[in-house]
Amino acid sequence: MSATLATLWYWTPSLALGFLMNIIISIGAMVLGTAIGMAVGLGRISTRAWIRQWCWGLTQFLRNTPSLVLLFYLAYLLPYEIHLGSGYVLPIPGWFKAVIGLSMPVIGFMSDNVYGAVRNIHTDQWDAAEALPLSRYQTMTSIILPQATPMLLPPWMSYFAVIVMASSTASMVGVKEILSSATIAMESITDPGLVIPMYFYVLCWFFLFCYPFSHITRWFERRKWQ
Amino acid sequence: MAMTEASAAPAILFEAVSKRFDDTVVLDNVSFTVQRGEAVCIMGPSGTGKTTLLRLVNALTTPDSGRIRVDRFDVTSPILEKQALRLHVGTVFQRYSLFPHKSALENVSMGQRQVLGRHKAAAEEKARDLLAKLEIDELRDRYPGELSAGQQQRVALARALAMDPQIVLLDEVTAALDPRMVDKVASLLRDLAATGMSFLASSHDGRFVSSLSDKVGYLSHGQLSDLQPPAAEMPTVERAPADSPPAQL
């Protein structure tokens, strides 16, 4: 037992660096996916039919395709590097492809949630804003979104934890995150008896990071918003 | 004194307006006018179409047939500039529809700032003046969830008046007010009517109708009676549907 713990402790810095990459990928995916997803969600209530239809179609596609398949697809679709002028080459690293790939389900999720939250605002608020008369932009930014945003935070926090757990799939496209770091460690150790403890240790990293989010989410749900 | 065509035109004109929701005829060939500086009240039981009638005026709802003119605007025109129309028409909703994330002061001042472009200080001064007239200035920093129904109703009225409209639509504006406050609101609105502001109100409240109205109509089964001056003491209309209007109408 003490030898197992000593081995796990020895590999902890490497696993920690790997887990840091999971967090970076997750944050990047959430930031990118949230920004685009909110735009797509608001596009679903656009006054222009073609925008509404396009945004609805994109949401349905992203909500009904597996994120791992999207990740593989984008990993092969996106080039390894981009050749710019004057011989300059811009590399596209694997972690960046993972951010793009994992932002896809976030876009679909945010689109659905923004659309639902906005639709949940009573029509009386829209009528009162129109009667003032606020423009559509003013109505959305001053009246509707400030009321809808608190409804988005609890599911957004929960989904962040989901994306963190899904970030381990980035190892499938060559990103050195915690799962691939554990695999590298096992290849170095060559002791099959450490397989279960090592991957259980990786599980614990995810659990200890994601579990507090459920408490934070419940706090947001209980908190009164003015 | 010769009257120009603009000043002779009514503030609100309904010509043979009909509106139905699915199989229910809410308004059936309704015609009436509201002159400038005039206060007209529409009475009738709940569910008879009074709110729909008011919503037609500021184009929150469209009629199935007929013609509606509000000031110089043809409300039934497909090219109506709704925002321009609503700058002239203030609305007090039956359920107040205050913005819950904004204080009473912010509810009354935000339209002035964002739509009329007034500076914050000027908008808040006007807001406070109106809230003071309605005896709720001390509650200006409270949020709608912290106000009683009567207080919310007064904030909603202040919000509409703060935009300096030429026409104000009032949907059951005194439903949550005590008799003293009903008289105060009616007095405030009479003073505004004397400056040329026109009012179209729906109400069950006989006291309010008697105090404010120049003319009263009764809406029942989609049809509006001829507008008549109110009696000295108008009865409060029962909220349940009735087959005929009160005797005073």
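Keep in mind that what you see is a predicted model, and the values were worked out from it rather than measured.

A.B. asks: Honestly, the side chain of Thr12 of chain A in this entry has me stumped. Any pointers?
C.D. replies: All names here are of chain A. Locating Thr12 in the fold gives a position in helix H1 (residues 2-43). Here Thr12 falls in the buried class, since its relative accessible area comes to 12%. In this structure the side chain of Thr12 is engaged in a polar contact, spanning 2.7 Å, whose partner is the side chain of Tyr201. Once residues within four sequence positions are removed from consideration, Thr12 is found in contact with Tyr201 and Trp205.

A.B. asks: Any chance you could explain the environment of Arg119 of chain A here in plain terms?
C.D. replies: Residues and elements named next belong to chain A. By secondary structure assignment, the location of Arg119 is in helix H4 (residues 94-119). The class for Arg119 is exposed, based on a relative accessible area of 56%. Considered as a pair, Arg119 and Ile25 are 94 residues apart in the sequence and their alpha carbons are 31 Å apart. A polar contact is formed between the side chain of Arg119 and the side chain of Tyr115, at a distance of 2.6 Å.

A.B. asks: How should I be thinking about the pattern of salt bridges in this particular structure?
C.D. replies: When their charged atoms lie close together, side chains carrying opposite charge are able to pair. Enumeration according to the criterion identifies 16 salt bridges over all chains in this entry. Where Arg86 of chain B meets Glu130 of chain A, a salt bridge forms, and the shortest distance between an N and an O atom there is 3.3 Å. In this pair, Arg86 of chain B sits in helix H3 (residues 82-88) while Glu130 of chain A sits in helix H5 (residues 123-131), so the two residues belong to two different chains. By relative accessible area, which is 30% here, Glu130 of chain A ends up partly exposed. A salt bridge links Arg118 of chain B to Asp164 of chain B; the shortest N-O distance between them is 2.4 Å. Residue Arg118 of chain B is located in the loop between helix H4 (104-114) and helix H5 (120-133), and its partner Asp164 of chain B is located in the loop between helix H6 (149-161) and strand S7 (167-171); the two are separated by 46 residues in the primary sequence. Look at the salt bridges and you will find they share partners, linking Arg44, Arg63 and Asp112 of chain A into a network.

A.B. asks: Mind showing me how you'd approach H5 of chain B here?
C.D. replies: Every α-helical turn comprises 3.6 residues, leaving residues that sit three or four positions apart pointing alike. Residues and elements named next belong to chain B. Here H5 is 14 residues long and its end C-alpha atoms lie 20 Å apart, about the 20 Å a rise of 1.5 Å per residue gives. Of the residues making up H5, those classed as buried are Ala123, Ala127, Leu130 and Leu131. Taken around the axis of H5, the buried residues stretch over an arc of 100°, which confines them to a single face. Of the residues in H5, the exposed ones pointing more than 90 degrees away from the buried face are Ala121 and Glu125. Structurally, H5 contributes buried residues whose contacts are with H4 and H6. Backbone geometry just after H5 places Glu135 at a positive phi near 60°.

A.B. asks: Which parts of the structure should I look at to understand the interface of chain A and chain B?
C.D. replies: Where interface size is quoted, it is often the accessible area lost as the parts come together. Each side of the interface is counted separately: chain A has 18 residues, and chain B has 23 residues. Together chain A and chain B conceal approximately 1,800 Å² of surface at their shared face, both sides included; 57% is due to carbon and sulfur atoms. The interface formed by chain A and chain B contains three salt bridges. Here Asp124 of chain A ties to Arg95 of chain B by a salt bridge, and the two come within 3.2 Å at their closest N and O atoms. If you look at where chain A meets chain B, you find eight residue pairs in polar contact (both at pLDDT 80 or more). Mapped by element, the contributors of at least two residues to the side of chain A that touches chain B are H5 and helix H6 (136-166) of chain A. With seven residues, the single largest contributor to the side of chain A that touches chain B is H5 of chain A. Considering only residue class, the side of chain A that touches chain B consists of eight nonpolar, seven polar and three charged.

Calculation notes
Residues numbered from 1 in each chain as written. Chains lettered and ligands numbered in written order. Predicted model: local features only at pLDDT ≥ 70, side-chain atom pairs only at ≥ 80, totals over all residues. Heavy atoms only, no water. Helix = DSSP H or I, 4+ residues; strand = E, 2+ residues; numbered from the N terminus. Buried < 20%, exposed > 50% of the residue type's maximum accessible area, 1.4 Å probe, protein only. Polar contact = N/O pair within 3.5 Å; in protein donor to acceptor, adjacent residues only side chain to side chain. Contact = heavy atoms within 4.5 Å. Salt bridge = Lys/Arg side-chain N within 4 Å of Asp/Glu carboxyl O. Expected span 1.5 Å × (residues − 1). Arc of directions from axis to C-beta. Buried area = accessible area lost by both parts, 1.4 Å probe. Nonpolar A, V, L, I, M, F, W, Y, C, P; charged D, E, K, R; others polar.

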